[in-house]
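Structural description and commentary
Okay, here's what each chain looks like letter by letter:
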Amino acid sequence: MVYRPRYTGLIERYRDHLPVNDDTRLISLGEGNTPLLKLNNIPRLTGKNVDIYIKYEGLNPTGSFKDRGMTMAVTKAVEEGSKAIICASTGNTSAAAAAYAARAGISAFVLIPDGKIALGKLAQAMMHGATVIQIKGNFDKGMQLVKEVAEHTPVTIVNSINPYRLQGQKTAAFEIVEELSCAPDFHCLPVGNAGNISAHWMGYSEYYQDGIVATRPKMLGYQAAGSAPFMRGGMVDEPETVATAIRIGHPQSWDKAWKVKEESQGWFDECTDEEILAAQKLLAEKEGIFCEPASATSLAGALRDIQTGKIPEGSKVVCTLTGHGLKDPDIAIKQSSSPVVTVSATLESVRDAILDNMAK
Ligand SMILES: *Cc1c(COP(=O)(O)O)cnc(C)c1O
């Protein structure tokens, strides 16, 4: 048998690139090291010669990339003596904060928009023992409140304005470079607060400056059309989209993201809810990959730009799928076209049901 050391999370793996020392107690759930899957069937449907890879961040411990940032943010909060963390969240940050706080043995307080959070994410925050505070307002209002309350209360903010969050999240770029042996030509991400696109650029840039790669990708940030401040050139006060994880009108990393676009010579674009849901379904039906709606925005945008030639043939494209499909079962069931067939419990009925659906 070949001995392989137990994987113990991204801080341990990338400690040389992260602000920890030998005495730091690491708060980890084994996050990172997610699959980079090459799409087989969808590129063929486009009729274009492109390599599309999916970075499947839904396979992190709480089902989203937020774990990469949260392991760093909570590790540093504990190191600095904090006993409680707080965040505003469209869902996934609260799930991650709750889980890592439980692991660390500290308290978590999460502000979520009333009625606009996917069921799986709420279940996670509640199950991990966070105090869930639903506010009658959207994410942007929650973020504003968190900043204010943290000035008057001994709590550490673990939203992506916490610089350790981006430090942890940059490791996704390291993993991609190591597996491809180069940087991709294009890296596509859904954009909400724009922390993640900024973190990826930081990761690529560090490997570039260290001489590990000779190039950096063009960074492509896709937003939901009803929630696209980077396309409007200013804040959006009433963001709306089925992709609740990116239902954000006042991005916290506004300046950083514009810099990423300039430096990488990339671009922003927007996708309609219909395009987002179509891409989510395409991934599920043609590749066996289940992501939540917001995640599919990266592929929806990439496919359009591949069709129009903005992403030229011969390109190597990475799309980040930010969160797992099980996070939001309601939307999935609502738009599924696979019938649930109810029949009598007899051999004949079951056989007929199979034969009727065989051709599909
Ligand atoms: C947080 C999140 C995003 C947006 O990331 P930002 O860093 O806010 O741009 C996208 N998709 C999912 C599933 C998320 O949880």
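Notes on the structure follow. Given the structure is predicted, the values throughout are model-derived calculations rather than measurements.

Check the secondary structure of the protein chain and you find 15 helices and 10 strands. Taken against the 2.2 N^0.38 rule, which gives 21 Å for 360 residues, the C-alpha radius of gyration of the protein chain at 21 Å falls within 12% of a compact globule. Overall, the protein chain is about 65 × 55 × 50 Å in size when its C-alpha atoms are taken along their principal axes. Burial analysis of the protein chain (360 residues in total) assigns 56% to the buried set. When contacts within the protein chain are restricted to residue pairs at least 6 apart in sequence, long-range pairs at least 24 apart make up 70% of them. When the accessible surface of the protein chain is split by element, carbon and sulfur atoms take 52% of a total near 15,900 Å². With 37 positive and 41 negative side-chain charges, the protein chain shows a separation of 1 Å between the mean positions of the two kinds.

Let us now look at the sheet that holds strand β7 (residues 186-190). Here we have 6 strands laid out as an open sheet, ordered β1-β2-β10-β7-β8-β9, and mixed in their pairing. Edge positions in the sheet fall to β1 (36-38) and β9 (267-271), since each of these pairs with one other strand and no more. On average, adjacent strands in this sheet sit at an angle of 25 degrees to one another, irrespective of strand direction. Here β1 runs beside strand β2 (residues 51-56); their pairing, made up of 3 bridges, is antiparallel. By the bridge assignment for β2, Leu37 is matched with Ile54. Against the sheet, helix α9 (residues 195-209) contacts β7, β8 (218-224) and β10 (316-321), and its axis sits at roughly 170 degrees relative to β8. Across the sheet, helix α13 (residues 293-308) touches β2, β7, β8, β9 and β10, and the angle it forms with β9 is around 110 degrees.

The ligand sits among 17 residues. The nearest are Lys66, Asn92, Asn193, Ala194 and Thr322. A distance of 2.6 Å is found between an oxygen atom of the ligand and a side-chain nitrogen or oxygen belonging to Lys66. The contact in question runs from an oxygen atom of the ligand to an N or O atom on the backbone of Asn193, over 2.8 Å. Protein burial of the ligand: of its 380 Å² of free accessible surface, 97% is covered by the chains. Elements represented by at least two residues in the shell around the ligand include exactly α9 and α13.

What follows is about the nonpolar core. One finds Leu39, Ile52, Ile54, Leu283, Leu299, Ile311 and Cys319 to be the most contacted residues of the largest nonpolar core, which totals 32 residues. Mapped by element, the contributors of at least two residues to this core are β2, β7, β8, β9, α12 (273-287), α13 and β10. Broken down by element, the residue count for this core peaks at 7 residues, all from α13. The contacts of Ile54, once residues within four sequence positions are left out, are Pro35, Leu36, Leu37, Leu39, Leu283, Ile289, Cys319 and Leu321. Counting 29 residues, the second-largest nonpolar core is a separate cluster that includes Phe174, Val177, Val191 and Phe230.

Once that is clear, we can look at the environment of Asn41. Structurally, Asn41 can be placed in the loop between β1 and α2 (42-46). The sequence separation of Asn41 and Glu285 amounts to 244 residues, and the corresponding C-alpha distance is 10.0 Å. In contact with Asn41, other than residues within four places in its own chain, are Lys286 and Glu287.

So, about the pairing of β9. For β9, a buried count of 4 out of 5 residues is recorded, marking the element as mostly surrounded by other parts of the structure. By the bridge criterion, 5 bridges tie β8 to β9 in an arrangement that is parallel. The residue of β9 that forms the bridge with Tyr222 is Asp269.

Rules used throughout
- Residues numbered from 1 in each chain as written.
- Predicted model: local features only at pLDDT ≥ 70, side-chain atom pairs only at ≥ 80, totals over all residues.
- Heavy atoms only, no water.
- Helix = DSSP H or I, 4+ residues; strand = E, 2+ residues; numbered from the N terminus.
- Rg over C-alpha atoms; globule rule 2.2 N^0.38 Å.
- Buried < 20%, exposed > 50% of the residue type's maximum accessible area, 1.4 Å probe, protein only.
- Contact = heavy atoms within 4.5 Å.
- Areas by Shrake-Rupley, 256 points an atom, 1.4 Å probe, with all protein chains shown as cover.
- Lys, Arg positive; Asp, Glu negative; His and termini not counted.
- Charge placed at Lys NZ, Arg CZ, Asp CG, Glu CD.
- Pairing = 2+ DSSP bridges.
- Axes fitted to C-alpha atoms, helices over the stretch in contact; angles between N-to-C directions.
- Near = heavy atom within 4 Å.
- Polar contact = N/O pair within 3.5 Å; in protein donor to acceptor, adjacent residues only side chain to side chain.
- Core = buried A, V, L, I, M, F, W, Y, C linked by side-chain atoms within 4.5 Å.

Function cannot be inferred from these measures alone, as they are strictly geometric.
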